[in-house]
Amino acid sequence: MRRAHVVLAALCLALLVPGVANATSYTLGSDGETAEAYNYHAAVRERVYIPQLGVDTDGNGVTDDVAIEIMRPAGSGPARQVPAIIDPSPYYASLCRGNEGQCIGDTDANGVNDRWPLFLDNYFVPRGYAVIYAEALGTANGTGCVMHGGPTDINAMKSVVDWLNGRVAGFTGPNSTGGAVTATWHDGSSAMIGKSYDGTLAEGVAATGVSGLKTIVPESAIDDWYGYSRMGGIRFNTHYPRTLSSAVTDAADRAACAGPWATLDADDGDATGDRNAFWDARDYLTNVSNVTASVLATHGLQDDNVRLDQLASWWAGLKLAGVPRKLWLLRAGHADPFDVRRAAWVDTLHKWFDHWLYGIPNDVMDQPRVDLENADESWSTLSDWPDPGVGRVDLHLRSGAASTDAGTVALTSGGTLDTLSWLDAPSQSETTMMNTPGGSQASRRVFLSAPLKRDLRISGTPLVDLKASLDQTQTNLGALLVDYGGTTPSTQVTRNGEGLSNTTTRTCWGQDDTAQTGDFSACYLEVTQPRTTVAPGAPWRVTKGILDSSNRTSLSGPALATIGVETEFPIILVPQDHVFAAGHQIGVILVGDDTGFPSIRGTGPATNITMNAKTTTVALPVVGGAAAAAASGGFDTTSPVFTVPGDQTLTAPAGATGAVATWTLPAATDDQDPSPVVACDPASGSAFPVGTTTVTCTATDASGNAASGTFAVVVDATPAPAPSQQQPPPPASDGGQQVGGVTTPVPAPGGVPATRPQAPAATATLDTVPVGLTRLTLSGRTHGRVVLRFTLSRAAVVTVSVKRHGARRATKTIRKSLARGARSVTVTGLRRGRYDVTITTRPQAGSGPARTVRKSVGVA
């Protein structure tokens, strides 16, 4: 027991007995939560019967009773009132409760329950709460018949809240016998909690707006019975309402309900699978605006029993109604959070009831609204769900190169073919649908993204908008969203056994009374979440959906398709929150009948389905929207196209070491991104040194695909002025006469000799102008070679040295004497990698400075 101090809290005035005001008290622990202040063994245990006036579901002429089992702290009463936690259920004496299948039981046959399933009683009664197990009509100690969550079932559970608040009568015996009893110990505040059918009843009662119900905790609950047992107009079973009602009823009581259950068969609309008045009466979402109770909901992301669409619609309705709410999403199947994240769940639940039933100020409503379990079993928090950062991204399902190929998933329409066909094969398994995506497309159509460059997360409801024609008037249609693994194995929480496995370790939650009454222990088996390995390239089904082609526009009004006419078929998939990891591929698979659901096959066997491969799309709820989808790289594999500017040759100003070069940035086009980004390095407007500089321009689209090209900027130095030189004497061939080795000028016309000055001795001068190296390009970087093309301003000795990037020694060195003009040097025998290339030129004649240019190049 935790150390505690007593706090008197007059939190509410309950006028259950006219003229008497009753104070509420509780014990607060040092942690700010209600502490164990009551002895579990001394708790008061009662059974009360609540007549359902005007209700006789089994037709025996006797008013039906709801039976409730009550456990409340000793000393609770008019002077010390407590709130109540109610678990409404049809399971207490049939399918039983919890992971360990615990049923109620009166072990000493004294008319009071002794065996209390689950931990609620052990934990909360000592902390000052009453715990009530309310037995649905026709189950356990109640009378009448279960009617598949219909109005009589909901009103029966509502009557428990009404009795607690003094609005209806209760008795210590059935059929209004044993004397009336009132809940003078109750402070006016109650909660409802439970998993599956239990949570469903809690939602139905909350939707009545009943006063005094302050909060509900539905776990894996149903908000619409039609949507639970059918999808897209396709039923999963035959006469399910009767089947389930019979399953939850004690075997000895089933015969009495045969007649009422026959009306369920007559009203359930199995002939068409369509929605009707029977199902409308079992749709609690219709009245979600009446909910005044706060809601702490939980659901399994991998729940194939009560699918996640049941939570998603209810959660959205609560948001619109402005209901205070909190949500846990488990990476498991049809599971109780007590078995997934036990300590954190009990603490959250404790704070939740303290806050909403006792009014204790704590941080439970200041915490993030959503707790989400990730695929690796870690937990994240969100401000809401679906993730508020979601944006709808419409992706096109395009054909491959041939009709026998798998198609692609892309951001824009395209593909080789206008249409794709497949034949409905109702016998193929879900595994066959997903395996070998590049294999036969005869009875399915597979569309794959490219391997993702980055993780991509979806959060919410995907939708396939199929545009297709049929060769029969009706068929079932199905769609799957699949995660195909990357090059290494990955893991997911298994779907087997609801993703849970018992250990042999027990942990205890609250007090127990096993020695005195034979009750269940307060200690429960711990549970693990086994993982399954997904092999490289293997499929993991993320979500799926089905549609009766006749219910494409309405679930309550069937419309047969016109043979051969293209029609829109919207296939809504079950909501999901999933991360497609980098390296994985996203797959969309279209089929006819989907045996992955326990569905009734379509009436048009072997229907041929022909889809429009230009207009059919899938809408994904992508966290980060279109930008995240593009950045993932999964839907665009084509690089942009553009043309680089031509080479430029400039002359540096006198005395300058370089010049500024400018050009117009090239424009790029892309098949999916209308505005690829183009950048050059160095950029236009940069100062370029004397010599040759290679400029690299790169165009990048929104998916990260890039294309590059290069051009050269050549900057020549301003030539130095030529030095002044005396002309040498003319050669003998100029007409002079040589006499005795001395040349004398020829007389000018008229007899006057032409005088020519004596030439001084010739003087040698240094060549100060280097060889011009222009229009340098590096190309042909594949097949282990590099080709250098350039232009020499004069004859030169060219030395090309190639070494691996970062190496000290050259891998290849080539020296050639080349004439003036356009020339090339090819270096071969290189391995794949990055190389540093150095080109040095020296004049062939005379002496002069060398020019050196260095470049880096990749060799494939």
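Along each chain, numbering runs from 1 in the same order as the chain's sequence is written. Given that the model is predicted, a residue must reach a pLDDT of at least 70 before its local features are reported, and side-chain atom pairs must reach 80 or more before they are shown or counted; all residues, however, enter totals for whole chains, interfaces and linings. Excluding hydrogens and water, the side-chain figures rest on all heavy atoms present in the structure.

Our focus in this paragraph is the overall build of the protein chain. The secondary structure listing takes helices from DSSP runs of H or I that are at least 4 residues long and strands from runs of E that are at least 2 residues long, numbered from the N terminus. Broken down by element type, the protein chain carries 12 helices and 50 strands. Buried residues are those whose accessible area, probed at 1.4 Å on protein chains only, stays under 20% of the maximum for their type, while exposed residues exceed 50% and partly exposed ones sit between those limits. Here the protein chain holds 860 residues, and 51% of them are scored as buried. Here a residue-residue contact requires only that any non-hydrogen atoms of the pair lie within 4.5 Å. Sequence separation of at least 24 residues holds for 73% of the intrachain contacts in the protein chain that already meet a minimum separation of 6. Here the accessible surface of atoms and residues is derived via Shrake-Rupley with a 1.4 Å probe, and residues count as covered only by protein chains that are part of the display. Counting only carbon and sulfur atoms, one obtains 54% of the accessible surface of the protein chain, whose full area is about 35300 Å².

If the charged atoms of two oppositely charged side chains come close together, the side chains can form a pair. We define a salt bridge as a contact between a side-chain nitrogen of Lys or Arg and a carboxyl oxygen of Asp or Glu at a distance within 4 Å. This structure, assessed with the given rule, holds 34 salt bridges. Look at the salt bridges and you will find they share partners, linking D224, R275, D280 and D283 into a network.

Right, let's get into the side chain of R444. Here R444 shows up in the loop between α10 (430-434) and β20 (445-448). Despite its burial, R444 pairs with no opposite charge; the closest candidate is D405, at 11 Å N-O. Between N or O atoms, a polar contact is any pair within 3.5 Å; within protein, one atom must be a potential hydrogen donor and the other a potential acceptor, and residues adjacent in sequence are included only when both atoms are from side chains. Here the side chain of R444 touches M433 through a polar contact of 2.7 Å, landing on its backbone oxygen. Looking at R444, its side chain comes within polar contact range of the main-chain oxygen of S440, at 3.0 Å. Leave out the neighbours within four places in its chain, and R444 touches W422, T432, M433, M434, N435, T436, P437, G439, I589, L590 and V591. Only four residue types enter the tally: Lys and Arg on the positive side, Asp and Glu on the negative side, with His and both chain ends excluded.

Let us look at helix α3 (residues 197-206). Among the 10 residues in α3, 10 count as buried, and that is most of the element. For α3, every residue scored as buried is listed here: Y197, D198, G199, T200, L201, A202, E203, G204, V205 and A206.

On to unusual backbone geometry. P386 follows W385 through a cis peptide bond whose omega is -5°. One can find P386 in the loop between β16 (379-382) and β17 (390-398). The omega angle of the peptide bond from D681 to P682 is 0°, so this bond is cis rather than trans. When you line up the elements, P682 lands in the loop between β38 (677-681) and β39 (687-689).

On to the sheet that holds strand β50 (residues 851-859), then. By this definition, two strands are paired if DSSP reports at least two bridges between them. Judged by pairing direction, the sheet is antiparallel, and its four strands sit side by side in the order β47-β46-β49-β50 without closing on themselves. Edge strands, defined here as strands with exactly one partner in the open sheet, are β47 (812-818) and β50. For this sheet, the mean angle separating the axes of adjacent strands, direction not counted, is 20°. With nine bridges joining them, strand β49 (residues 833-843) and β50 adopt antiparallel strand pairing. Residue pairing across strands places V837 opposite K855, the latter belonging to β50. Fitted lines through C-alpha atoms give the axes, limited to the stretch in contact for helices. The angle between two N-to-C directions lies from 0 to 180 degrees.

Looking now at the state of the cysteines. Here, two cysteine sulfur atoms that lie within 2.5 Å of each other are counted as a disulfide. Under the criterion given, the structure shown has four disulfides. Between the sulfur atoms of C96 and its disulfide partner C103 the distance amounts to 1.4 Å. Disulfide C96-C103: torsion about the S-S bond near 45°, hence right-handed. One disulfide in the model links C680 with C697; its S-S distance is 2.0 Å. Here the disulfide of C680 and C697 is right-handed, its torsion about the S-S bond being about 100°. Taken as a pair, C680 in strand β38 and C697 in strand β40 (residues 691-700) lie far apart in primary sequence, 17 residues in all.

Residue pairs spaced three or four apart in an α-helix point in one direction, given the helix's 3.6 residues per turn. Between the first and last residue of a helix there are one fewer steps than residues, each counted as 1.5 Å, and that sum is the expected span. Taking 1.5 Å per residue, 16 residues should reach 22 Å; helix α9 (residues 342-357) reaches 22 Å between its end C-alpha atoms and fits that length. Considered for burial, the residues of α9 that qualify are R342, W345, V346, T348, L349, H350, K351, W352, F353, D354 and L357. Looking one or two places after α9, you find G359, whose phi comes out positive at around 75°.

Strand direction decides the pairing type here: strand β15 (residues 370-373) and β16, joined by four bridges, are antiparallel. Across the sheet, residue V370 finds its bridge partner in β16, namely L382. Linkage of β15 to β16, two consecutive antiparallel strands, is achieved through a turn of five residues, within which E377 is found at a positive phi near 75°.

Right, let's get into the packing of helix α2 (residues 151-164) against α3. Across the interface, α2 lies against α3 with an axial gap of 9 Å and an inter-helix angle of 80°. The orientation of α2 relative to α3 falls into the category roughly perpendicular. Two secondary-structure elements touch here, α2 through D153, I154, M157 and K158 and α3 through Y197, L201, G204 and V205. By the convention adopted, Pro, Cys, Tyr, Trp, Phe, Met, Ile, Leu, Val and Ala count as nonpolar, Lys, Arg, Asp and Glu as charged, and the other residues, Gly among them, as polar. The class makeup of the residues in the contact of α2 with α3 is five nonpolar, one polar and two charged. Here the angle decides the label: under 35 degrees means roughly parallel, over 145 means roughly antiparallel, 65 to 115 means roughly perpendicular, and every other value means oblique.

Counting through the fold element by element, E33 comes out in the loop between β2 (26-29) and β3 (44-51). Residue classification places E33 among the buried residues on the basis of a relative accessible area of 5%. In this structure the side chain of E33 is engaged in a polar contact, spanning 2.9 Å, whose partner is the side chain of H350.

Reading predicted coordinates in detail is not appropriate for stretches of low pLDDT. The predictor reports its confidence for every residue as pLDDT, a score running from 0 up to 100. In the predicted model, the protein chain carries a mean pLDDT of 88, and the fraction of residues at 70 or more is 90%. Taken as a whole, residues 1-22 scores under 50 in pLDDT and shows 51 contacts with residues more than four places along the chain or in a different chain.

This part is about the packing of helix α5 (residues 240-247) against helix α6 (residues 258-267). In the contact formed by α5 and α6, the axes pass within 8 Å of each other and the chain directions differ by 150°. When the axes of α5 and α6 are compared, the pair comes out roughly antiparallel. Every residue of α6 that contacts α5 at P241, R242, S245 and S246 is listed here: W261, L264 and D265. The residue inventory of the contact of α5 with α6, partitioned by class, reads three nonpolar, two polar and two charged.

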